Amino acid sequence: MEIIGHRLDTPQRLYAFGELMLLPGYATLSPREIDTSISFEGLNLKVPFISAPMDTVTEADLAIALGLEGGLGVVHRNCSVDEAVAMAEKVKKAQIPEGNATALKDKNGHIAVGAGTSPLDIDRAVALAEKVDLLFTDVASFHNAKLIEGTKKIVKMTGKKIVIGNLGTKEGVIHSVKEIGKENIAAVKMGMGGGSICITTDVSGVGSPVTFGVEQAALALKELGLLDEIPIIADGGIRYSRDIAFSLSLGASMVMLGNLFARCEESPGETITKDGNRYKVYWGMGSAEARKKRLVADRYQDFGRGKQVDEGIKMHVPLEGRVDEVVERLSSELKVTMGYIGARSVKEMKNVARIVVKTATQEKVGIQ
Ligand code: MZP
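Here is what the cut-offs are and how they apply
- Residues numbered from 1 in each chain as written.
- Predicted model: local features only at pLDDT ≥ 70, side-chain atom pairs only at ≥ 80, totals over all residues.
- Near = placed C-beta within 6 Å.
- Nonpolar A, V, L, I, M, F, W, Y, C, P; charged D, E, K, R; others polar.
- Core = buried A, V, L, I, M, F, W, Y, C linked by C-beta atoms within 7 Å.
- Buried ≥ 20, exposed ≤ 12 C-beta atoms within 10 Å, placed from the backbone.
- Contact = placed C-beta atoms within 7 Å.
- Helix = DSSP H or I, 4+ residues; strand = E, 2+ residues; numbered from the N terminus.
- Right-handed = clockwise from strand over helix to strand, strands pointing away.
- Pairing = 2+ DSSP bridges.
- Expected span 1.5 Å × (residues − 1).
- Arc of directions from axis to C-beta.
- Axes fitted to C-alpha atoms, helices over the stretch in contact; angles between N-to-C directions.

## Some remarks on the site of the ligand
Move 1: Neighbouring the ligand are 22 residues; Gly195, Cys198, Gly258, Gly284 and Gly312 lie closest to it.
Move 2: Across the shell around the ligand, the residue classes break down as 8 nonpolar, 12 polar and 2 charged.

Okay, structure coming up:
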């Protein structure tokens, strides 16, 4: 039998964000003229930021705050269907202050919101389909026969497009798109094992860092001739604005953020004070804490023994501020990158960006 796919003499190299650098490009615009907006399924996001459907990140308050800043909140699924519906309804009832030109609005002028669902939870998907603007399948590894079948059912019953993920390979994207149908897919969400609270790769050795995953999706969609039709969402491990810039340069249209939004006042995580500093509790959906509710158990593989393997951890992240302040910081820093590489829009980033790999970290000389 021929052995393929695990050659150590010609391995595929994975890159961490910290290993990459963007080369300066020819800039023609002032930062004020740079546009970070992106259109996605009829929605006009002023910033390409989506909040993760996690129970320490996105409930109604964070989704409202992010929506007002032009990003998309995705409410989590570690709750009953009624509770998820109530979160979506609360977002839709929120008032948009007069004169707010940045808010992400649906066609009725309400704040747009997404929701996470298991591909196997048809009841949840059907109940939420009418309440939210977009459904996101929310599983650790989407490339799975049962999950693809479940997603097909959801699409059939709701008649709506869906964001699929997470995926990590070119083959996974091509196969999933062919199975589900390109017309039914709103976006592909890429990255596995890279989340800041994720220990999947430590436990199993399996993963697809977002740098690799996004590029794999871009290669897959290019091969399918769908690069301009199906957007890519980069998810997991994005900690700094430069990581957002790298993701968009590699081919993503939007980024999903967990850790960075968990740090906001509006996130549902508990606030604790330690040595005079304030922190928010943030945990993975595969952590023992999240799994206490059992509702996210099917995000991961279930061996039917009642006890699952921990694939996430709990941590404390510094409380950074309100969502509007965090979005303002991230989008301003993103504009700095766009200015330096000479990209006028998010869409243009992937065309003009020249990404190089660092061989050694440049040392800073001096003391602060
Ligand atoms: P980060 O922004 O904290 O680095 O990553 C957030 C992403 O991690 C989520 O959007 C989700 O895809 C993933 N996640 C959530 N829970 C776990 C886990 O418990 C996980 N392993 O990997």
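## With respect to the nonpolar core
Move 1: Grouped together as the largest cluster of nonpolar side chains are 96 residues, with contacts concentrated most on Val188, Ile233 and Val255.
Move 2: Contacts of valine 255, omitting those with residues within four sequence positions, involve Pro48, Phe49, Ile50, Ile233, Ala234, Ile238, Ile244 and Ser247.

## A look at the pairing of strand E8 (residues 162–167)
Move 1: Burial within E8 is extensive, with 6 of its 6 residues counted as buried.
Move 2: Taken together, strand E7 (residues 134–137), helix H4 (residues 145–158) and E8 form a β-α-β motif whose crossover is right-handed.
Move 3: Two elements, E8 and strand E9 (residues 185–190), share 5 bridges in a ladder whose sense is parallel. Bridge pairing in E9 places isoleucine 164 opposite valine 188.

## What about the pairing of strand E13 (residues 277–283)?
Move 1: Pairing analysis gives 4 bridges linking strand E12 (residues 271–274) to E13, with the strands arranged antiparallel. Each residue of the ladder has a partner; that of isoleucine 272, found in E13, is tyrosine 279.
Move 2: Remark: 2 residues form the turn of the hairpin made by E12 and E13, two consecutive strands paired antiparallel; aspartate 275 in that turn has positive phi of roughly 50°.

## Quick word on helix H2 (residues 81–93)
Move 1: Taking 1.5 Å of rise per residue, the 13 residues of H2 would be expected to cover 18 Å, and the 18 Å separating its terminal C-alpha atoms lies within 8% of that figure.
Move 2: Of the positions making up H2, those classed as buried are Ala84, Met87, Ala88 and Val91. Viewed end-on, H2 has its buried residues packed into an arc of 95°, placing them on one side of the element. Facing away from the buried side of H2 by over 90 degrees, the exposed positions are Asp82 and Lys93.

## Description of the sheet that holds E9
Move 1: Pairing in this open sheet of 8 strands is parallel, and the strands run E4-E11-E10-E9-E8-E7-E6-E5 from one edge to the other. Either end of the sheet is taken by a strand with one partner, and the two such strands are strand E4 (49–51) and strand E5 (73–75). Neighbouring strand axes in the sheet, compared pairwise and without regard to direction, differ in orientation by 30° on average.
Move 2: Across 3 bridges, the pairing between E5 and strand E6 (residues 113–117) is parallel. Paired with valine 74 across the bridge in E6 is glycine 114.

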